[in-house]
Amino acid sequence: MQFENVSSDSQSSTPKTSPASQASQTPLMKQYWEIKSTCPDAILFFRLGDFYEMFFDDAVKAAPILGIALTSRDKNAQNPVPLCGVPFHSSQSYVAKLLDAGLKVAICEQVEDASQSKGIVKREIIKVITPGLRTDEEGLAPMAQNFVLSLCVRTLPNELHEYTLGCLDYASGSIEVMTRNHIEDLMDEIDRINPVEILVFDHTDDAQWIERYAPERMSNVHQIPQWVFSQAKEEIKKHLNVMDLGMLGLDHIPHALESCAALYHYVGVENQASLAHLQLPKQHRDQRYMVLDHHTIEHLELLDRGAKSENSLFSILNQTKTSMGARRLKQWMVRPLCEREPIEQRYDAIEILIQERELRKELRVHLAHVFDVERILSRLSSKNASLRDLISLLESLQRASQIKQQLAHLPKTFFAGIEDLLDPLPALQDLLQQSLNLESDFSKHSYLIKDGYHAELDRWRNIAKGNRNWILELEQKQRKETGISSLKVGYNKVFGYYLEVTNTHRDKIPAHYIRKQTLANAERFVTPELKEKELEIENSKQEMEKLEMQLFQELRQNVSMEKDKLQTLADHLAQLDAMVSLAQVCADYAYVRPVIQDGDDLILDQGRHPVVERSLALTEPFVPNSVHFTSHGKRMILLTGPNMAGKSTVMRQVGLIVIMAQMGCFVPAEQLKFSLVDRVFTRIGASDDLAKGRSTFMMEMSEAAYILHHATPKSLILLDELGRGTSTYDGLSIAWAIMEHLDQKICAKTIFATHYHELTSLAQQSDTIENMRMTIQEWEGKIVFLRKLEMGSIQKSYGIEVARLAGMETSITQRAQQILKGLEKTSSTTSLGDLPPLSAEPEMLQPTPMEMWVDQLDPDQMSPKQALDRLYELKKIRNSSKN
């Protein structure tokens with residue numbers, strides 16, 4: 001291979017980042033700057049031979065992220081050029097690191113053969129990869145989804161606004177369009193989607209909404225030219241190759257086409273990425289799905305948080321066998337259904353799969369051999385699909401054929417649509433089966449195309465095989481003619497084929513041997529015959545490789561022509577995998593089928609928290625609990641009980657069970673009869689947002705206000721400890737007013753957990769509020785948590801006892817008991833200064849008669865009769881202490 005004149009120093013240095021004027025004038029650097037100017041905001045991977053090199057600021061920025069040495073070019077110059085590089089054959093892992101750091105990467109390739117070029121090799125940027133446009137080639141995890149969001153804001157009368165969002169998942173190719181009418185809803189949607197990049201038009205002030213309400217996302221905002229907005233319809237028509245856009249069903253959504261055009265422009269024009277696999281934009285139809293804001297998703301721990309996944313609902317329900325199925329299951333969880341028919345269809349499917357145990361087992365076996373067809377299609381569209389990808393696609397199609405046969409035996413409910421549309425493309429299977437080298441070991445020198453598929457390719461391969469045999473025969477022939485038994489024929493990329501003779505046999509070297517290279521202990525030679533054969537070998541090898549690559553590219557093109565059918569296949573395999581996963585979980589954990597009914601009732605008998613009951617850390621049996629809401633009776637539960645008694649667990653399990661039921665899953669309970677819920681709201685736990693200037697109490701009030709503005713009578717509301725972030729009377733007053741508003745104005749099903757025992761009197765004023773408590777057992781000043789929900793209220797918080805259980809020092813808890821008794825004896829107006837002072841050594845509490853009596857017992861010296869007598873005495877002391 002011919003290399004250009006590029007020097008590099010292996011010693012690390014820390015040069016300045018300003019380009020040297022003399023370096024800028026070299027042909028290579030001139031070419032570099034011309035290409036770099038087209039993508040100034042990207043790290044440019046500049047191909048030089050077997051490496052991607054980075055120069056100047058790119059090198060300085062990338063080297064520490066990639067963990068590689070920063071060196072320099074023209075080290076002895078006045079302004080040496082910062083330089084670092086990575087091998088091109090392992091560049092994907094380095095690109096992934098830069099994307100993880102939020103950087104954009106431009107891949108600049110040599111687009112002509114260096115050995116055939118004169119002067120500087122021609123180079124072009126072939127791909128620009130942004131964090132939002134990465135695929136699994138650039139390190140996107142199989143179950144992960146990266147979203148690019150486009151935002152268009154429309155001003156309405158009375159200073160109102162309408163927000164249109166276009167949402168692109170580039171790896172799978174899906175595009176959804178949605179609208180929101182309130183800034184809070186917009187921010188909730190952005191938080192739910194969690195986009196890696198956000199697009200706005202440069203002639204608008206749309207970015208101000210992000211800057212004002214989510215300033216931490218501003219670094220990910222990109223501006224799209226105004227002409228894209230003006231020509232949106234024409235640009236989309238051109239991309240879809242249609243005359244009319246009515247089939248999209250987006251005409252009634254203001255700025256829907258503009259938001260889609262921004263996505264197309266950003267992908268195809270600004271970043272030169274493939275658009276071929278992108279699906280038709282669809283409207284995100286809210287009315288079909290329950291709305292879950294990001295607070296609810298976080299508070300109920302629906303999804304994994306980083307590396308710790310064992311405490312999420314997803315970790316319990318996810319027994320999928322494919323990455324596609326896992327992603328689909330996540331979608332079902334964060335977008336539960338709000339229509340009865342599709343929910344019942346999923347119930348029916350789970351019921352059938354539970355009954356058909358062997359069939360379920362076989363489906364899981366087949367699904368385990370289905371690869372990520374969605375990601376393979378993404379690589380096909382970008383012309384990066386490998387032999388491994390096509391073989392994986394073939395195996396997936398073969399498994400789809402077997403799955404289709406199995407589904408044919410099931411009742412035509414949920415599975416009917418899947419079986420009918422599950423097209424395993426037999427013609428494509430045959431083509432891949434006949435053409436691909438299925439025995440490949442995927443090494444660099446492994447064939448792509450099977451022997452016997454193409455006659456011309458077979459001819460060149462036979463020539464290559466004959467030449468290899470000729471080389472072996474030549475070695476034997478030359479050994480015999482020269483009498484040199486150690487003579488061997490070798491090859492390397494620099495010198496080609498050669499005859500190697502050790503110095504020991506130097507005197508036997510024939511006169512017609514032409515010296516080619518001298519080594520320490522041997523000489524290498526060529527002969528006219530060998531040189532002629534080498535040319536023939538190289539020619540046959542090039543022709544063979546050229547034809548094989550041409551056939552492989554044609555094969556990829558043939559597969560790409562079936563893109564739409566393959567996308568449909570992937571969609572239905574993902575649905576099936578998610579459904580089989582739910583059925584497996586429901587069978588393993590004895591979940592029951594919910595009953596959907598009209599009205600607003602929610603009857604949950606012996607419900608269990610799906611995550612807590614499976615926790616390995618659980619040291620005691622899980623205690624199930626029942627919760628009943630009725631449309632003409634109690635619709636609000638005021639829940640009291642000490643910390644650690646299980647209030648939050650009960651609240652969360654009710655929310656999780658409702659979400660599970662509406663995503664079409666059976667639930668952990670003895671019985672669930674419920675009416676469909678439009679939203680689940682939660683206000684659980686304490687947090688702040690100091691970056692936005694929000695204290696813990698401000699966050700609490702903001703979340704509560706959001707709930708009160710958006711809840712309807714069809715909602716389920718779970719509120720824990722409202723009003724605790726301020727003074728007692730302030731907090732009590734706010735909690736009281738909110739409870740009255742929820743009860744009288746919103747009329748939603750609500751669980752309100754509190755330590756404000758004064759609120760329990762509201763149950764006496766309203767027929768729709770019911771007091772319930774988490775039961776405990778008191779014993780000698782200590783408490784035992786029974787985790788059981790029952791009617792009534794608790795008038796004590798037991799906070800001091802909980803502090804003791806948490807390991808608080810005895811002196812502190814005893815002093816707290818002393819202060820508490822003082823407060824209980826005094827009026828509410830008494831100053832804390834009137835309490836007994838804190839002594840240097842806190843006064844020890846006097847032992848009770850019972851404690852003194854127990855201290856005198858010696859069980860080892862007691863007979864059974866004496867032990868029985870002592871029990872009677874103990875009962876007598878206990879009765880006297882009560883009186």
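Residues numbered from 1 in each chain as written. Predicted model: local features only at pLDDT ≥ 70, side-chain atom pairs only at ≥ 80, totals over all residues. Heavy atoms only, no water.

1. Regarding the overall build of the protein
Stage number 1. Helices and strands together make up the secondary structure of the protein, namely 29 helices and 26 strands.
Stage number 2. Relative to its full complement of 883 residues, the protein shows a buried share of 48%.
Stage number 3. Counting contacts in the protein only where the partners sit at least 6 residues apart, residues at least 24 apart contribute 67% of the total.
Stage number 4. For the protein, the exposed surface amounts to about 43500 Å²; the carbon and sulfur share of it is 50%. (Helix = DSSP H or I, 4+ residues; strand = E, 2+ residues; numbered from the N terminus. Buried < 20%, exposed > 50% of the residue type's maximum accessible area, 1.4 Å probe, protein only. Contact = heavy atoms within 4.5 Å. Areas by Shrake-Rupley, 256 points an atom, 1.4 Å probe, with all protein chains shown as cover.)

2. Topic: the sheet that holds strand E3 (residues 71-73)
Stage number 1. Spatial ordering of the open sheet is given by E3-E4-E2-E1-E5-E6, a layout of six strands whose pairing is mixed. Looking at strand neighbours, the two that pair on one side only are E3 and strand E6 (123-129), the edges of this open sheet. Between one strand axis and the next, the sheet turns through 40° on average, direction left out of account.
Stage number 2. Where strand E1 (residues 42-48) lies against strand E2 (residues 51-55), three bridges are found, and the strand directions are antiparallel. What sits directly across from Leu48, in E2, is Phe51.
Stage number 3. Contacting E1, E2, E3, strand E5 (104-110) and E6, helix H2 (residues 27-36) runs over the sheet at an angle of about 145° to E1. (Pairing = 2+ DSSP bridges. Axes fitted to C-alpha atoms, helices over the stretch in contact; angles between N-to-C directions.)

3. Concerning helix H15 (residues 373-381)
Stage number 1. Across the nine residues that make up H15, a large majority, nine, are buried.
Stage number 2. Restricting attention to buried positions, one finds in H15 the residues Val373, Glu374, Arg375, Ile376, Leu377, Ser378, Arg379, Leu380 and Ser381.
Stage number 3. Just downstream of H15, Lys383 is the residue with a positive phi angle, here 60°.

4. Re the pairing of strand E15 (residues 514-518)
Stage number 1. Both E15 and strand E16 (residues 522-526) contribute to a ladder of four bridges, which runs antiparallel. Its bridge partner lying in E16, Ile514 is registered against Val526.
Stage number 2. With antiparallel pairing between neighbouring strands as the criterion, E15 and E16 make up a hairpin whose turn holds three residues.

5. Notes on helix H17 (residues 414-421)
Stage number 1. Taken together, the buried positions of H17 are occupied by Phe414, Phe415, Ala416, Ile418 and Glu419.
Stage number 2. Taken together, the buried residues of H17 touch helix H13 (340-355), helix H16 (387-407) and helix H21 (563-589).

6. As for the pairing of strand E13 (residues 488-492)
Stage number 1. For E13 and strand E14 (residues 496-502), the ladder comprises five bridges, and the chain directions are antiparallel. Paired with Tyr491 across the strands is Tyr497, a residue of E14.
Stage number 2. Between the end of E13 and the start of E14, which pair antiparallel, lie three residues.

7. Focus on a nonpolar patch on the surface
Stage number 1. Judged by side-chain polarity, Leu868, Leu871 and Tyr872 come together as a nonpolar surface patch covering roughly 340 Å² of accessible area.
Stage number 2. Relative to the helices and strands, Leu868 is located in helix H29 (residues 864-882).
Stage number 3. Take Leu868: its relative accessible area is 42%, and that puts it in the partly exposed class. (Patch = residues over 30% accessible without salt bridge, like charges linked within 9 Å, V, L, I, M, F, W, Y side chains within 5 Å. Salt bridge = Lys/Arg side-chain N within 4 Å of Asp/Glu carboxyl O.)

8. Quick look at the environment of Met739
Stage number 1. Assignment of secondary structure puts Met739 in helix H24 (residues 728-746).
Stage number 2. In this structure Met739 comes out as buried when scored by relative accessible area, which is 0%.
Stage number 3. Between the C-alpha atoms of Met739 and Leu638, which are 101 residues apart in sequence, the distance is 9.1 Å.

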